[in-house]
Amino acid sequence: SLLQEKMPTGRSGVKKILEGVLQANKGLPPKEAIGRLVPRHVIINCVDPRVAPSRYAQLNVSEMFLIRNAGNLVPHSSFVTPQSAATEPAVLELAFTKFNTVKQVALCGHSDCKAMKFLHSMKDDPQIFQSDMASGTNKPQVCNTPLRTWIVNHGARSLGQFLRLENKQFKEPLQFNAESPYYKVEAWIDPENKYEDVDKLAMVNALIQIENVGSYNFMRTGFESGKVLLHAMWYDVERDSVMVFSRSEKRFIPVEDASTIDLIVKEAKETVSKIKSTKLSVEREAIEAAVESARVQGNQCAVEEYRNYATVDKVEHTG
């Protein structure tokens with residue numbers, strides 16, 4: 001149906017992106033678009049010229065808002081104030097509040113990322129975590145170069161999570177928020193241990209940046225209504241292949257055939273249902289808490305009234 005097509009799980013949603021990936025894998029030309037092209041996706045990409053969504057997913061420039069920067073980073077909302085705007089959230093706000101056709105964000109990390117290599121090289125520098133959200137300061141650092149300032153401020157949390165997993169020899173999953181702050185998504189990073197440390201960091205970073213996208217209040221309405229979803233992808237430059245994060249497999253899986261697309265679409269539908277049920281559960285708990293609070297407060301009032309009446313009664317009798 002037309003309504004289904006406009007949802008993030010429909011033909012114009014993540015399915016369209018992954019079908020383009022399969023077409024590219026097979027060396028086939030892009031499918032001819034029918035009708036007027038409108039933006040359906042926000043794609044967040046590194047500036048590396050080897051990683052282009054018009055090539056790896058055969059997306060037309062008219063179908064997407066494309067954000068490209070060093071390291072496919074997205075400033076967390078805690079770093080953005082009315083006095084310090086940033087291009088990335090500004091584009092997200094434009095896409096999701098001024099265009100009603102955009103249904104998902106797909107963020108794509110990649111192998112051999114020079115920005116991630118630079119971030120990884122700072123792993124022994126204690127200064128890098130001074131602006132990390134976990135520290136509670138959230139005050140941007142100003143470093144000696146623009147690139148270092150950018151990477152330190154918006155990549156530190158990715159590096160911190162990577163170092164935590166590395167310390168556990170990647171035998172624990174990464175946990176991150178996506179569309180909802182009320183539950184975590186689990187991700188096992190490179191369980192076959194096929195990739196170098198910098199590439200593992202790039203995988204962690206792609207998922208942490210998804211969490212950053214979800215931190216903005218203007219995204220909340222779309223998430224809670226199930227009209228907007230977040231997806232993470234990862235491009236292997238050497239193998240010229242794309243992987244997509246699977247919520248049920250809890251890892252990045254290769255986009256090799258139609259069964260992968262079916263799985264991701266199925267997961268998207270399940271995510272929409274989970275978001276809605278979680279929202280209802282949270283609202284129900286809030287109502288129950290409010291009712292209980294009112295009941296307790298009412299009982300306290302009754303006790304106070306009884307005490308007052310008792311005091312008055314005592315005074316009248318002694319009088």
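Calculation rules
Residues numbered from 1 in each chain as written. Predicted model: local features only at pLDDT ≥ 70, side-chain atom pairs only at ≥ 80, totals over all residues. Heavy atoms only, no water. Helix = DSSP H or I, 4+ residues; strand = E, 2+ residues; numbered from the N terminus. Buried < 20%, exposed > 50% of the residue type's maximum accessible area, 1.4 Å probe, protein only. Areas by Shrake-Rupley, 256 points an atom, 1.4 Å probe, with all protein chains shown as cover. 1 Å grid on protein atoms, 1.4 Å probe; cavity = no way out; pocket = protein on both sides within 12 Å on 5 of 7 lines; lining within 4 Å. Points joined across faces, edges and corners; volume = space filled by probe spheres on them. Nonpolar A, V, L, I, M, F, W, Y, C, P; charged D, E, K, R; others polar. Expected span 1.5 Å × (residues − 1). Bend = angle between axes of the 7 residues up to and from the residue. Core = buried A, V, L, I, M, F, W, Y, C linked by side-chain atoms within 4.5 Å. Contact = heavy atoms within 4.5 Å.

Colleague: So what exactly am I meant to see when it comes to the overall build of the protein chain here?
Modeller: What the protein chain contains, in helices and strands, is nine helices and eight strands. Scored against the burial criterion, the 319 residues of the protein chain give a buried share of 45%. Roughly 16900 Å² of accessible area belongs to the protein chain as shown, and the carbon and sulfur atoms make up 53% of that amount.

Colleague: Looking at this model, I keep getting lost on empty space enclosed by the protein. Mind explaining?
Modeller: Counted according to the given criterion, the structure contains two cavities of 30 Å³ or more. Its boundaries defined by the atoms lining it, the largest cavity holds a volume of some 140 Å³. Around the largest cavity, the lining comprises 15 residues; the ones closest to its centre are Leu230, His231, Ala232, Phe245 and Arg247. Elements with a contribution of two residues or more to the lining of the largest cavity: α7 (197-213), β6 (229-236) and α9 (258-318). Residues that form the lining of the largest cavity fall into these classes: eleven nonpolar, two polar and two charged.

Colleague: Would you explain helix α6 (residues 146-167) in this entry?
Modeller: Because each turn of an α-helix spans 3.6 residues, side chains separated by three or four positions end up pointing in the same direction. Under the 1.5 Å per step criterion, the end-to-end length of α6 is 30 Å for 22 residues, consistent within 8% with the ideal 32 Å. At Gly155, α6 is deflected by roughly 60°, the largest bend along its length. Within two residues after α6, Gln169 carries a phi angle of roughly 55°, on the positive side.

Colleague: Any chance you could explain the nonpolar core here in plain terms?
Modeller: Inside soluble globular proteins, nonpolar side chains tend to come together where they are buried. In terms of nonpolar packing, the biggest core is built from 60 residues, with Val42, Phe96, Val105, Phe176, Leu207 and Phe252 touching the most fellow members. With nine residues, α7 is the single largest residue contributor to this core. Apart from the residues lying within four places of it in its own chain, the contact partners of Phe176 are Tyr183, Lys184, Val185, Ala187, Leu207, Ile210, Glu211 and Phe245. Val21, Val51, Cys108 and Ile261 belong to the second largest nonpolar core, which has 23 residues in total.

These results come straight from atomic positions and should not be treated as a statement about function.
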